[in-house]
Amino acid sequence: NAGVTQTPKFQVLKTGQSMTLQCAQDMNHNSMYWYRQDPGMGLRLIYYSASEGTTDKGEVPNGYNVSRLNKREFSLRLESAAPSQTSVYFCASSGTSGRWYEQFFGPGTRLTVL
Amino acid sequence: EDQVTQSPEALRLQEGESSSLNCSYTVSGLRGLFWYRQDPGKGPEFLFTLYSAGEEKEKERLKATLTKKESFLHITAPKPEDSATYLCAVQGSQGGSEKLVFGKGTKLTVNP
């Protein structure tokens, strides 16, 4: 099992450009999450999806949109990137059997907006 | 609002020098407290879940404990490979949310 995978690993954008970060999990988990991690701020939740077909805002949703494409995939879109969105983005997933609440993280996408 | 505070922000130990990391929390109905390890340039790696006060869990040189207000991650005779940032997170029961609230982490450096 690959666990949680994310693409791309690195990305540089200019202000105003758009892009989509991709995330996929092969653990048959119902819930998926997008976080950003900034120095001194810790991990902050952007959006999450408790099940296929549902999405909810987290702590810092402004400037982002998400799509839960199917049970495996959850994408994060920046429509018009801003320098304040320079960060490391992590996708995570959690299951519903046994270890219900534990979230498993992907390797991250390092995004720089110039 | 759920909150997590970790201390110290950074800790330097000599190999074999045992110590503890602290995670203080406030939460509306604790569902679980989680410890993660994060290496530079990588995603957080799950270590432990604690569900109720008095619970303890161990893994190799690490032992996590939980009270009603805080959790400790005890590191016994650490090795250089234990160097990492350790993250604490809580999940509350308010509103049926699955959201985790993370602390800012403790960066541990173990010198040989």
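Right above here is the structure, for reference.
To start, this report covers the structure provided alongside it.

Thresholds, definitions, all that
Residue positions are given per chain, counting from 1 as you read along its sequence in written order. All chains are assigned letters beginning with A, and all ligands numbers beginning with 1, in the order in which they are written. Since the coordinates come from a predicted model, pLDDT governs what is reported: local features require at least 70, and pairs of side-chain atoms require 80 or more to be given and counted, while whole-chain, interface and lining totals use all residues. The basis for the side-chain values is all heavy atoms of the structure; hydrogens and waters are excluded. Numbering goes from the N terminus for both helices and strands, where a helix is a DSSP run of H or I of at least four residues and a strand is a run of E of at least two. Throughout, radius of gyration means the C-alpha value; the globule benchmark is 2.2 Å times the number of residues raised to the power 0.38. Exposure is judged per residue with a 1.4 Å probe applied to protein chains only, and the accessible area is read against the type maximum: over 50% gives exposed, under 20% gives buried, and values in between give partly exposed. Strand pairing requires that DSSP identify at least two bridges connecting the strands. To define axes, lines are fitted to C-alpha atoms, for helices over the stretch in contact only, and angles between the resulting N-to-C directions are given on a 0 to 180 degree scale. In these notes, a set of buried Ala, Val, Leu, Ile, Met, Phe, Trp, Tyr and Cys residues joined through side-chain atoms within 4.5 Å is what counts as a nonpolar core. Neither His nor the chain ends contribute to the count of charged residues, in which Lys and Arg are positive and Asp and Glu negative. The rule for a salt bridge is simple: a side-chain nitrogen of Lys or Arg has to be within 4 Å of a carboxyl oxygen of Asp or Glu. N or O atoms within 3.5 Å of each other form a polar contact, as long as, within protein, one can give a hydrogen and the other can take it, and as long as residues adjacent in sequence are counted only when both atoms are side-chain atoms. Pairs of residues are marked as contacts when any of their non-hydrogen atoms sit within 4.5 Å. Disulfides are defined as pairs of cysteine sulfur atoms found within 2.5 Å of each other.

1. Focus: the overall build of chain B
Then, number 1: When helices and strands are counted, chain B shows 0 helices and 11 strands.
Then, number 2: When the elements of chain B are put in sequence order from the N terminus, they spell out β-β-β-β-β-β-β-β-β-β-β.
Then, number 3: Compactness check: chain B gives a C-alpha radius of gyration of 14 Å against a globular reference of 13 Å for 112 residues, within 12% of the reference.
Then, number 4: Each of the three principal axes of chain B carries a C-alpha extent, and together these read 45 × 30 × 20 Å.
Then, number 5: The buried share among the 112 residues of chain B stands at 45%.

2. Here we look at the sheet that holds strand 8 (residues 74–78) of chain A
All names here are of chain A.
Then, number 1: Spatial strand order, 1-3-8-7: 4 strands in an open sheet with antiparallel pairing. Edge positions in the open sheet fall to strand 1 (4–7) and strand 7 (65–68), since each of these has one partner strand only. Going from strand to strand, the sheet's axes swing by 15° on average, the running direction of each strand aside.
Then, number 2: The pairing of strand 1 with strand 3 (residues 19–25) spans 4 bridges and is antiparallel. Bridging from a neighbouring strand, threonine 7 pairs with glutamine 22 of strand 3.

3. Some points on the nonpolar core
All names here are of chain B.
Then, number 1: Of all hydrophobic cores here, the largest spans 22 residues; its most connected members are Leu33, Trp35, Leu73 and Tyr86.
Then, number 2: For this core, the elements supplying multiple residues, two or more each, are strand 2 (10–14), strand 3 (19–26), strand 4 (30–38), strand 5 (45–50), strand 7 (62–66), strand 8 (70–75), strand 9 (84–92) and strand 11 (106–111).
Then, number 3: A total of 4 residues in this core trace back to one element, the largest contributor, which is strand 9.

4. Digging into the side chain of Arg68(A)
Residues and elements named next belong to chain A.
Then, number 1: In this structure, arginine 68 sits in strand 7.
Then, number 2: Here arginine 68 occupies a buried position and makes no salt bridge, while the nearest side chain of opposite charge, glutamate 52, is found at 6.3 Å.
Then, number 3: Side chain to side chain, arginine 68 and serine 49 meet in a polar contact 2.7 Å long.
Then, number 4: A polar side-chain atom of arginine 68 sits 2.9 Å from the main-chain carbonyl oxygen of lysine 71.
Then, number 5: Aside from chain neighbours lying at most four places away, what touches arginine 68 is Gln25, His29, Asn30, Ser31, Met32, Ser49, Ser51, Glu52, Gly53, Thr55, Glu73 and Phe74.

5. What to know about unusual backbone geometry
Then, number 1: The omega torsion across Thr7(A) and Pro8(A) is -10°, close enough to zero to call that bond cis.
Then, number 2: Looking at the element boundaries, Pro8(A) is found in the loop between strand 1 and strand 2 (10–13).
Then, number 3: Following Ser7(B), the chain continues into Pro8(B) via a peptide bond in cis, with omega recorded as -10°.
Then, number 4: A positive phi is found at Glu60(B), a non-glycine position, where the angle reads about 55°.
Then, number 5: In this fold, Glu60(B) is placed in the loop between strand 6 (56–59) and strand 7.
Then, number 6: Of note in this structure, Ala77(B) is not a glycine but carries a positive phi near 45°.

6. Some remarks on the pairing of strand 5 (residues 42–49) of chain A
Put simply, side chains in a regular strand alternate between the two faces of the sheet.
All names here are of chain A.
Then, number 1: With 8 of its 8 residues buried, strand 5 lies for the most part within the structure.
Then, number 2: Here 7 bridges tie strand 4 (residues 31–38) to strand 5, and the two strands are oriented antiparallel to one another. If you follow tyrosine 35 over to strand 5, its bridge partner there is leucine 45.
Then, number 3: The hairpin turn running from strand 4 into strand 5, its antiparallel successor, is 3 residues long, and glycine 40 in that turn takes a positive phi close to 80°.

7. A few points about the sheet that holds strand 7 of chain B
All names here are of chain B.
Then, number 1: Here we have 5 strands laid out as an open sheet, ordered 1-3-8-7-6, and antiparallel in their pairing. A strand with exactly one partner marks an edge of an open sheet, and here the two such strands are strand 1 (3–7) and strand 6. The mean inter-strand angle of the sheet, taken between neighbouring strand axes irrespective of direction, is 15°.

8. Quick word on the state of the cysteines
Residues and elements named next belong to chain A.
Then, number 1: Counted under the stated rule, the structure contains 2 disulfides over all chains.
Then, number 2: The disulfide partner of cysteine 23 is cysteine 91, and the S-S distance across this bridge is 1.9 Å. Taking the torsion about the sulfur-sulfur bond, which here is approximately -70°, the covalent link between cysteine 23 and cysteine 91 counts as left-handed. Note that cysteine 23 is positioned in strand 3 and cysteine 91 in strand 9 (residues 87–94), a separation of 68 residues in sequence. Here cysteine 23 and cysteine 91 have matching classes, each one buried.

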